[in-house]
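# Per-entry structural report
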Amino acid sequence: MVENTLGRVLIGKYSDLPERLGKTAFIGKEEIALFKLANGKVRAIKNRCPHKGGVLAEGMVSGEHVFCPMHDWKINVCDGQVQAPDHGCVKAYKVEVEENLVYIVI
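What comes next concerns the included structure. Throughout, residues of each chain are indexed from 1 in the direction in which the sequence is written. Only residues with pLDDT of at least 70 get local features here, since the model is predicted, and only at 80 or more are side-chain atom pairs given and counted; chain-wide, interface and lining totals rely on the full set of residues. The side-chain numbers reported here are obtained from all heavy atoms of the structure, hydrogens and water having been left aside.

The salt bridge criterion pairs a side-chain nitrogen of Lys or Arg with a carboxyl oxygen of Asp or Glu, the two atoms within 4 Å. Applying the stated criterion across every chain, the model contains 5 salt bridges. For Glu 96, the salt bridge is made with Arg 8, and the minimal N-O distance between the two is 2.8 Å. Highlighted residues: Glu 96 in strand E9 (residues 92-98) and Arg 8 in strand E2 (residues 8-13), separated in sequence by 88 residues. For each residue, the accessible area found with a 1.4 Å probe, counting protein chains only, is set against the maximum for its type, and the residue is called buried under 20%, exposed over 50%, and partly exposed in between. Relative accessible area serves as the criterion here: at 15%, Arg 8 is assigned to the buried category. A salt bridge links Glu 31 to Arg 48, with the shortest nitrogen-to-oxygen separation between them at 3.2 Å. Note that Glu 31 is positioned in strand E4 (residues 30-36) and Arg 48 in the loop between strand E5 (42-46) and strand E6 (60-62), a separation of 17 residues in sequence. We classify Glu 31 as buried; its relative accessible area is 19%. Each of Arg 8, Lys 94, Glu 96 and Glu 98 takes part in salt bridges that share partners, so that together they form one network. The helix count covers DSSP runs of H or I at least four residues long, the strand count covers runs of E at least two residues long, and both are numbered beginning at the N terminus.

The following block contains the structure:
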């Protein structure tokens, strides 16, 4: 975490985010998984799978989904919803990108 202004937390540079891989960020005690998708959009969700707490930033990204590295649960990185046949959700965060900087809205 770099800075908190106007309800936004500066996470880092857009150009530093790996494409289709996760990156972990911390806001206070909250651990967040960031993903730069193949379409260039950046998404952020809580970094723990609701099933057994797998680290989602370490999961495989496909389209708008990440697969938990522990038990392969498929989670939508846009809204945090676990895909059927499994169920549950993780918190999704709004992300803003301005002038090569990535912010999470809190």
